[in-house]
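A look at the structure
This is what each chain is made of:
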Amino acid sequence: MQLIDTHVHINFDVFQGSLIPLRKRWQEAGVVHLVHSCVKPDEFQGIQSLADMFPELSFAVGLHPLDVDEWTEVHTAETIKNLALSDQRVVAIGETGLDFYKANNHEQQKRAFYSQLEIARELDKPVIIHCREAASTMKELLEAFWQERGRVKGVMHCWGGNKEETKWFLDLGFYISFSGIVTFKNAQQLQESAKIVPSDRLLIETDCPFLAPVPKRGKTNEPSYVKYVAEKIAELRQIPLLTLAEQTTANACCLFNLQLVSQTSPLSSEKAKV
């Protein structure tokens, strides 16, 4: 069984010094590829170093909506664009989007998001979208972008919306990615959403180190735990786990244009401390 974790943050301090055992665990769980998200462009070099260590890691570059105070229309946009062009392992722009739960600088978030959509369209790369308590505004903004600039492909990551909201973004052509939240006991609304996503638009992720799934809830999340997300969604959709794994792996390869590679590259002890 092969799984792809389509959203990780293994550059965070919590993983420092433990990358070798972390990798061993994701390999044992059948995780054959990871897509590393980026919350600020200044993370790029560190994520790039991780990709040097792990050939099964692709990555994105972008600015998270909670960091848009650092956005400057010319400099930040150009930085993201140039970094995306600098390494063929960059497979997406993001994570970007809207977060109205933790911040009220709505207009600033919308401007930064729109600009990153423009970069994604220009470079023909998918966009990794963060959307929290902002689904209706997100829908309106994407529809406006479609009309003014054209379509952009991408994924609604760590999705938490209801069935109606899920259909909005499916109608816009997006993939929907579910995280450990779908395993939570009180996530019935989200579990219903997981049942309606077409098999060719479904993705899985951990968003580690956050949101560890049941039965690891409360612990530091990690890529190996994506198997629990897969198991829950297979259960909800009443399909074999292997079928779910094959579908989501094929979908990730399609969206991010991934080429699966061997995970047997040697790691020096010095690199593993990064």
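The structure contained in this document is the topic of the report that follows. (Residues numbered from 1 in each chain as written. Predicted model: local features only at pLDDT ≥ 70, side-chain atom pairs only at ≥ 80, totals over all residues. Heavy atoms only, no water.)

**Side note on the sheet that holds strand β1 (residues 3–8)**
Read from one edge to the other, the open sheet built from eight strands follows the order β1-β2-β3-β4-β5-β6-β7-β8, with strand pairing classed as parallel. Of all the strands in the sheet, the pair left with one neighbour each is β1 and β8 (202–204). Ignoring strand direction, the axes of neighbouring strands in this sheet form an average angle of 30 degrees. Pairing of strand β4 (residues 90–99) with strand β5 (residues 127–132) involves five bridges; the strand directions are parallel. By the bridge assignment, G97 is partnered in β5 with H130. Contacts from helix α9 (residues 241–256) reach β1, β2 (31–36), β4, β5, β6 (154–156), β7 (175–178) and β8, with the element oriented near 95 degrees to β8. (Pairing = 2+ DSSP bridges. Helix = DSSP H or I, 4+ residues; strand = E, 2+ residues; numbered from the N terminus. Axes fitted to C-alpha atoms, helices over the stretch in contact; angles between N-to-C directions. Contact = heavy atoms within 4.5 Å.)

**Regarding the pattern of salt bridges**
Within the structure shown, the criterion is met by 13 salt bridges. Note that E235 is salt-bridged to K232, the shortest N-O span being 3.4 Å. Of this pair, E235 and K232 are both found in helix α8 (residues 226–237), three residues apart, which corresponds to roughly one turn of the helix. For E235, a relative accessible area of 52% translates into the label exposed. Bridged by salt links that share partners, the residues K40, D67 and E70 form one connected network. (Salt bridge = Lys/Arg side-chain N within 4 Å of Asp/Glu carboxyl O. Buried < 20%, exposed > 50% of the residue type's maximum accessible area, 1.4 Å probe, protein only.)

**Some points on the pairing of β5**
Burial analysis of β5 places five of its six residues in the buried class, the great majority of the element. With respect to chirality, the unit in which β4 leads through helix α4 (residues 106–123) into the neighbouring parallel β5 is right-handed. With three bridges connecting them, β5 and β6 associate as parallel partners. Looking across to β6, one finds that I129 is bridged to M156. (Right-handed = clockwise from strand over helix to strand, strands pointing away.)

**Comments concerning the packing of helix α7 (residues 188–196) against α8**
One can describe the packing of α7 onto α8 by two numbers: an axis separation of 9 Å at closest approach and a directional angle of 75 degrees. Considering the angle they form, α7 stands roughly perpendicular to α8. Counting all contacts with α7, which are made through Q191, A194, K195 and I196, the residues of α8 involved are K232, L236 and R237. Across the contact of α7 with α8, the residue classes break down as three nonpolar, one polar and three charged. (Parallel < 35°, antiparallel > 145°, perpendicular 65-115°, else oblique. Nonpolar A, V, L, I, M, F, W, Y, C, P; charged D, E, K, R; others polar.)

**Let's talk about the nonpolar core**
Core analysis: the biggest nonpolar cluster contains 74 residues, and I10, L142, F169 and F178 have the highest contact counts within it. Looking at which element gives the most residues to this core, the answer is α4, with seven residues. For F169, the residues in contact, after removing those within four places along its chain, are A135, M138, K139, L142, M156, W159, F174 and I176. Membership of the second largest hydrophobic core comes to 14 residues, among which are A60, V91, V155 and A252. (Core = buried A, V, L, I, M, F, W, Y, C linked by side-chain atoms within 4.5 Å.)

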